[in-house]
Amino acid sequence: MRIDIITVLPELIESPLNHSIIKRAQKKGLVSINLHHLRDYTTDKHRTVDDYAFGPDAGMVLKIEPIYKAIEKLKSKRNYDEIIYTSPDGEPYTQRLANTLSTKENILILCGHYKGVDHRVREHLITREISIGDYVLSGGELAAAIIVDSVVRLVPGVLSDETSALTDSFQDGLLAPPAYTRPADFNGWEVPEILLSGNFKEIEKWQMEQAIERTKRLRPNLLKDE
Ligand code: ADE
C-alpha cells in the first residue's frame, strides 16, 4: 500500500508515523508513506498557500492552485483509489471505514488547515471527506495521522500476530474484553479465576460475555447500529 499526504505541516505527521508498528510496517516494505509539503507547489517567492476568504468571515483559506498542482502531479504517477480530505464536517470515521481503506492500493490524503480549503477543491478533486470526531482540531494533520495509523495496522503482515486485529474493540461491533497479565495477584487485586483455568473454550465464552456486557454498559449505541 502507498499513502501520500499533502500538508503544510509535515512535521506534525512525521513523528506519530515513525514509531512502533507503523515504523516497522514501512521498514518491512508493506506500506510506503510519503509526505508532500504544499509550499513546494507554490510559484510565488513567499510560497503562499493561503489567502483571505471572500465575504465577511475572518480567517484564511487554503488556495486552490497549489493543491491542484500537487494532486495533479501525484495523479500523473499513479491511480488513487481514494483522495481524502480531513475535515470536521466529513463522514464520521469508524473501524469499518478503516477496514475498507486498508484494502486499497493507493491513498492520497489532503490535510485541511486554517479555515479550510477553497471549496472547489472539495467539489472537484476529493473523493471522500473524513472527520475523526465532533470536535475541531487546529488542522487536519493529526486526523490524517490517526487515519493512517488505524489503516496501516490492518494491512496483512503488519501485525506480528495476525489475529490480534480481529480481537480489537469495534472489529466485531463490540468493545474488547478486559486483558490481564502476570502477576495473577497484585496486592490482593486478583485476575478473574477463569483466565487461569487453562480451559480455552470457557475463557472464550467469558470474553464474549464481557465484551457484550461492556458494550451494553459503555457504548449501547454500537449494539443499535446495524
Ligand atoms: N480538521 C479539524 N478538525 C477535524 C476533525 N475533527 N476531523 C478531521 N479533520 C479535522
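A brief structural summary. (Residues numbered from 1 in each chain as written. Predicted model: local features only at pLDDT ≥ 70, side-chain atom pairs only at ≥ 80, totals over all residues. Heavy atoms only, no water.)

This next bit is on the site of the ligand. By nearness alone, 13 residues border the ligand, and Ser87, Ile132, Gly133, Tyr135 and Leu137 come closest of all. At 3.0 Å, a backbone N or O of Leu137 approaches a nitrogen atom of the ligand. When isolated, the ligand has an accessible area of 260 Å², and the protein chains bury 97% of it. Every element with two or more residues in the shell around the ligand is listed here: strand E5 (82–92) and strand E7 (128–131). Looking at the shell around the ligand element by element, the count peaks at three residues for E5. (Near = heavy atom within 4 Å. Polar contact = N/O pair within 3.5 Å; in protein donor to acceptor, adjacent residues only side chain to side chain. Areas by Shrake-Rupley, 256 points an atom, 1.4 Å probe, with all protein chains shown as cover. Helix = DSSP H or I, 4+ residues; strand = E, 2+ residues; numbered from the N terminus.)

On to the pattern of salt bridges. Opposite charge on two side chains permits them to pair, given that their charged atoms come into close proximity. If you walk through the whole model with that rule in mind, you get twelve salt bridges. Its salt-bridge partner being Arg2, residue Asp4 comes within 2.8 Å of it at the nearest N-O pair. The exposure class assigned to Asp4 is buried, which follows from its relative accessible area of 0%. A salt bridge links Arg217 to Glu213, with the shortest nitrogen-to-oxygen separation between them at 2.7 Å. Of the two residues, Arg217 and Glu213 are both situated in helix H7 (residues 200–218); the distance of four residues between them amounts to about one turn of the helix. Judged by its relative accessible area of 52%, Arg217 is exposed. Glu213 gets classed as partly exposed once you look at its relative accessible area, which sits at 35%. Counted as one network, the salt bridges with shared partners bring together Arg2, Asp4 and Arg78. (Salt bridge = Lys/Arg side-chain N within 4 Å of Asp/Glu carboxyl O. Buried < 20%, exposed > 50% of the residue type's maximum accessible area, 1.4 Å probe, protein only.)

Turning our attention to the packing of helix H4 (residues 95–102) against helix H6 (residues 141–152). Where H4 contacts H6, the two axes come as close as 8 Å, and the packing angle between them is 70 degrees. As far as their axial angle goes, H6 and H4 are roughly perpendicular. Pair H4 / H6 crosses with right-handed handedness. Here Ala98, Leu101 and Ser102 of H4 lie close against H6, whose contacting residues are Ile147, Ser150 and Val151. Within the contact of H4 with H6, the residues separate by chemical class into four nonpolar, two polar and no charged. (Axes fitted to C-alpha atoms, helices over the stretch in contact; angles between N-to-C directions. Parallel < 35°, antiparallel > 145°, perpendicular 65-115°, else oblique. Left-handed = near helix turned anticlockwise from the far one by under 90°. Contact = heavy atoms within 4.5 Å. Nonpolar A, V, L, I, M, F, W, Y, C, P; charged D, E, K, R; others polar.)

Before going further, it helps to examine the layout of surface pockets. If you add up the space inside the largest pocket, you get close to 590 Å³. Together, 25 residues line the largest pocket, and Pro177, Pro178, Leu195, Ile203 and Gln207 are the ones closest to its centre. Its residues assigned to classes, the lining of the largest pocket shows 18 nonpolar, three polar and four charged. (1 Å grid on protein atoms, 1.4 Å probe; cavity = no way out; pocket = protein on both sides within 12 Å on 5 of 7 lines; lining within 4 Å. Points joined across faces, edges and corners; volume = space filled by probe spheres on them.)

Listed in full, the buried residues belonging to H4 are Gln95, Leu97, Ala98, Leu101 and Ser102. Buried positions in H4, seen along its axis, are confined to an arc of 160 degrees and lie on one side of it. In this structure, the buried residues of H4 make contact with E5, strand E6 (106–111), E7 and H6. (Arc of directions from axis to C-beta.)

The strand order across the open sheet formed by five strands is E2-E1-E6-E5-E7, and the pairing between neighbours is parallel. Every other strand in the sheet has two partners, leaving strand E2 (32–37) and E7 as the edge strands with one partner each. Taking the axes of each pair of neighbouring strands and ignoring which way they run, one obtains an average angle of 30 degrees across the sheet. As paired elements, strand E1 (residues 2–7) and E2 share six bridges and run parallel to each other. Bridge pairing in E2 places Asp4 opposite Asn34. Strand contacts of H4: E5, E6 and E7, with the helix running at about 175 degrees to E5, the strand carrying the most contacts. (Pairing = 2+ DSSP bridges.)

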